[in-house]
Amino acid sequence: RWAAMLDDPQALAALKDRVEIAFAPTRRRVYGPDEPVILDVDVKHVDTLLLRVFEIDAFAAYTEGQAEIDIDVDLSGLVANREQVLTFDAPPIRRVRRSLEVEGLGGPGVYVVELVGHGVASRALVRKGRLRMVQRLGSAGHVLRVLDDDGAHLPDADVWFGGRVYAPDDRGEVLLPMSAATGGTRPVVLRHGDRATLATLEHAVESYSLQAPVFVERESLIPGATARLVVRPVLRANDRPAGLGLLEDPVLIVDAWDHDGVETVSRVEGLELRDGDELVHEITVPDRLARLAVTLSGSFTTLTKGEARPLESSTVVFDLSRIAKTEAIVCPLLGRTPEGYVLD
């Protein structure tokens, strides 16, 4: 009675002869490593269906193409891991949804399931299990940990990046170098045994900065007296604290100017800098001191290119006795004592 409603013999014949092998839109895309794979397939006018399973070398595909594996992956030269022949007896005009339990997908990996019948072929891409990573930025580069589906750390997993494979250290962490120039988003391939997963990394550019806050008691800057400069150096790599041992040939530069603009420069070399400790340097305060400037400099060797580059902190400046450059002869100074405030 449905054929009578169509009222077109040619359309009815075309509908009857049409062959369909289509995966249901509601199919699962990712399976757990040990889960059975069941595919829902809409089949029409197929009495014999050939089911073939191909296992893809995911690591080779990811490192060569540096892109996610898609359904159009080239299967030429590959031998199917498993083949099944399924027979159906439904009428040619009827579309039937069938649940096919696919064998040969026992372990984690990337598989292509190909269905062939009556001159029509359809494919499904099945992923069983995925690897994930967590990373932090250290002074020497990106530090990665590879995790499994349950979030457990895989200490023997390695990482492909930039054309080479980086092995884990004794803590199960993989160190990737920083970029020498551009940075940006870069592909990485996580690998554990035969399992591989493509991920992306925001590649940081190698950069260093040196900070050197300086403190001096202004009351100690008396001409001819000895004053102590307290310097707390901090070296940062990619905005992360780095060991001061990376700073080579540190030099403390102390500039002093008198009221006539005469400059005296003192360079202190051979410094021993320790992380978390202050550097204390004593100076003899010159006569008629008007300005004191302190700078810490040195150099570092880049990890990416092995080149030595200079590094310098921001200069800390102390201006003194500024009244001496004016016509004023007095200056009120507010002080505080246990009894209260005092104006001198």
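See the structure shown above.
Since the model is a prediction, treat every value here as computed from it, not as a measurement.

Draft legend 1. Fine view of the overall build of the protein. Summing up its helical and strand segments, the protein has three helices and 28 strands in all. Taken over the C-alpha trace, the protein has a radius of gyration of 37 Å; the compact-globule value for 344 residues is 20 Å, which it surpasses by more than 25%. The principal-axis extents of the C-alpha atoms in the protein amount to approximately 115 × 45 × 40 Å. The buried share of the protein, taken over its 344 residues, is 38%. A separation of at least 24 residues holds for 63% of the contacts in the protein among residues at least 6 apart in sequence. Accessible surface for the protein amounts to roughly 20100 Å². Of this, 49% is attributable to carbon and sulfur atoms. Positive and negative side-chain charges of the protein, numbering 39 and 54 respectively, have mean locations separated by a distance of 7 Å.

Draft legend 2. Summary view of the sheet that holds strand E6 (residues 95-102). Judged by pairing direction, the sheet is antiparallel, and its three strands sit side by side in the order E1-E3-E6 without closing on themselves. A strand with exactly one partner marks an edge of an open sheet, and here the two such strands are strand E1 (20-23) and E6. Across this sheet, the average inter-strand angle for adjacent strands is 30°, counted without regard to direction. Of the strand pairs in this sheet, E1 and strand E3 (residues 37-44) are connected by four bridges, and their pairing is antiparallel. From the neighbouring strand, isoleucine 21 faces E3, where its bridge partner is valine 43.

Draft legend 3. Layout of the pattern of salt bridges. All chains considered together, the criterion is met by 19 salt bridges. Across the pair arginine 130 and glutamate 68 runs a salt bridge whose closest N-O atoms are separated by 3.8 Å. Within this pair, whereas arginine 130 is found in the loop between strand E8 (120-128) and strand E9 (132-137), its partner glutamate 68 is found in the loop between helix H3 (58-65) and strand E5 (82-87), the two being separated by 62 residues in sequence. Look at arginine 130 and you get partly exposed, because its relative accessible area is 28%. Relative accessible area serves as the criterion here: at 34%, glutamate 68 is assigned to the partly exposed category.

Draft legend 4. The arrangement of the sheet that holds strand E2 (residues 30-31) in detail. Taken together, five strands build an open sheet; the order of strands is E2-E8-E7-E4-E5 and the sheet is mixed. Either end of the sheet is taken by a strand with one partner, and the two such strands are E2 and E5. By the bridge criterion, two bridges tie E2 to E8 in an arrangement that is parallel. Looking at the pairing, valine 30 lines up with arginine 127 of E8.

Draft legend 5. Main features of H3. Taken residue by residue, H3 has Ala58, Phe59, Tyr62 and Thr63 as its buried positions. Buried residues of H3, viewed axially, fall in a sector of 120°; they line one side. Backbone geometry just downstream of H3 places glutamine 66 in the positive-phi region, at approximately 50°.

Draft legend 6. Just the side chain of threonine 295, in detail. Within the secondary structure, threonine 295 is located in strand E24 (residues 289-301). Apart from the residues lying within four places of it in its own chain, the contact partners of threonine 295 are Val251, Leu252, Ile253, Glu312, Ser313 and Thr315.

Draft legend 7. Summary view of the environment of cysteine 331. By the secondary structure assignment, cysteine 331 is in the loop between strand E26 (316-319) and strand E27 (334-337). When the C-alpha atoms of cysteine 331 and glutamate 282 are compared, they prove to be 29 Å apart, with 49 residues separating the residues in sequence. With sequence-adjacent residues up to four places away left out, cysteine 331 is seen in contact with Ile323 and Asp344.

Draft legend 8. Quick peek at unusual backbone geometry. Non-glycine residue glutamine 66 carries a positive phi angle of around 50°. Its place among the elements puts glutamine 66 in the loop between H3 and E5. Taking the relative accessible area as the measure of exposure, glutamine 66 reaches 42% and is therefore partly exposed. A positive phi is found at aspartate 249, a non-glycine position, where the angle reads about 50°. Mapped onto the elements of the fold, aspartate 249 is located in strand E21 (residues 248-258). Using a relative accessible area of 63% as the deciding quantity, one classes aspartate 249 as exposed.

What counts and how
Residues numbered from 1 in each chain as written. Predicted model: local features only at pLDDT ≥ 70, side-chain atom pairs only at ≥ 80, totals over all residues. Heavy atoms only, no water. Helix = DSSP H or I, 4+ residues; strand = E, 2+ residues; numbered from the N terminus. Rg over C-alpha atoms; globule rule 2.2 N^0.38 Å. Buried < 20%, exposed > 50% of the residue type's maximum accessible area, 1.4 Å probe, protein only. Contact = heavy atoms within 4.5 Å. Areas by Shrake-Rupley, 256 points an atom, 1.4 Å probe, with all protein chains shown as cover. Lys, Arg positive; Asp, Glu negative; His and termini not counted. Charge placed at Lys NZ, Arg CZ, Asp CG, Glu CD. Pairing = 2+ DSSP bridges. Axes fitted to C-alpha atoms, helices over the stretch in contact; angles between N-to-C directions. Salt bridge = Lys/Arg side-chain N within 4 Å of Asp/Glu carboxyl O. Arc of directions from axis to C-beta.

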